Amino acid sequence: MSASRAELLRWQFDLTWSLFEVHLAELVPGDFRWEPAAVCWTVRRGADGGWVPDFAEVEPDPIPAPTIAWLTWHLGWWWTVTIDHAQGRRPTERTDVRWPGDEAAVGWLRGLHDEWSSVLDRLTDAELDGPAPFPWPDDPDKTVAHMVAWVNAELMKNVSEIGQLRLVRAAG
């Protein structure tokens, strides 16, 4: 029996998430803001005491090496906005997506996982053929299936980066 496209995309998401859980379970607070290089993007305390990520509209040269804190913020940012679009909500502004800190980051990501799982649970193969609300809102060739595949690819990339940083720091 062949899997539907929705089932296949969900399987791919679940597989990627299971690989992420290996690293999430091992992260300790000191891992998040460990700086792996001199040129680095991280999160820093803002004037209001909240965490503010380093960010540039145009990628700098050289490209900064990210910290796990920055990567988890970045993952939270694009995933929050994607979930907003998928749920028909007004998308959250980048500057409004706040990193919750070392102690709460893993729970935050798991909460986004649960929200996205709810989106995936309701999608049918027919709905996957609809126009992608994000990140290609004006491209008629991109569908909701493309959006879901993009989430899987972005998550896989971020999981790999976070896992590699964690392993390098642990091997220290």
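Keep in mind it's a predicted model, so treat the numbers as computed, not measured.

### Quick notes on the nonpolar core
Thinking step 1. Ranked by size, the top nonpolar core spans 45 residues in total, and within it Phe20, Trp79, Trp116 and Leu155 carry the most contacts.
Thinking step 2. Those elements that place two or more of their residues in this core are helix H1 (5-24), helix H3 (68-86), helix H4 (105-122) and helix H6 (144-171).
Thinking step 3. Setting aside residues up to four positions removed in sequence, Trp79 forms contacts with Phe13, Trp17, Leu109, Leu112, His113, Trp116, Val151 and Leu155.

### Points about the packing of aromatic side chains
In this description, an aromatic ring pair is defined by two values, namely the gap between the centres and the angle between the planes.
Thinking step 1. According to the stated counting rule, one finds 14 aromatic pairs in the structure shown.
Thinking step 2. On the numbers, 5.2 Å between centres and 85° between planes, the contact of Trp17 with Phe20 is edge-to-face. Within this pair, Trp17 and its partner Phe20 are both found in helix H1, separated by three residues, close to a single helical turn. In this pair, the class of Trp17 matches that of Phe20, namely buried.
Thinking step 3. With a centroid separation of 5.9 Å and an interplanar angle of 50°, the aromatic rings of Trp17 and Trp79 are classed as tilted. One end of the pair, Trp17, is in helix H1; the other, Trp79, is in helix H3, and 62 residues separate them in sequence.
Thinking step 4. For Arg94, the ring lying beneath its charged end belongs to Phe55, and the centroid distance is 3.8 Å.
Thinking step 5. Its end group placed over the ring of Trp136, Lys142 keeps NZ or CZ at 6.0 Å from the ring centre.

Criteria and cut-off values
Residues numbered from 1 in each chain as written. Predicted model: local features only at pLDDT ≥ 70, side-chain atom pairs only at ≥ 80, totals over all residues. Heavy atoms only, no water. Core = buried A, V, L, I, M, F, W, Y, C linked by side-chain atoms within 4.5 Å. Buried < 20%, exposed > 50% of the residue type's maximum accessible area, 1.4 Å probe, protein only. Helix = DSSP H or I, 4+ residues; strand = E, 2+ residues; numbered from the N terminus. Contact = heavy atoms within 4.5 Å. Phe/Tyr/Trp six-rings, centres within 6.5 Å; stacked < 30°, edge-to-face > 60°. Lys NZ or Arg CZ within 6 Å of the ring centre and 35° of its normal.

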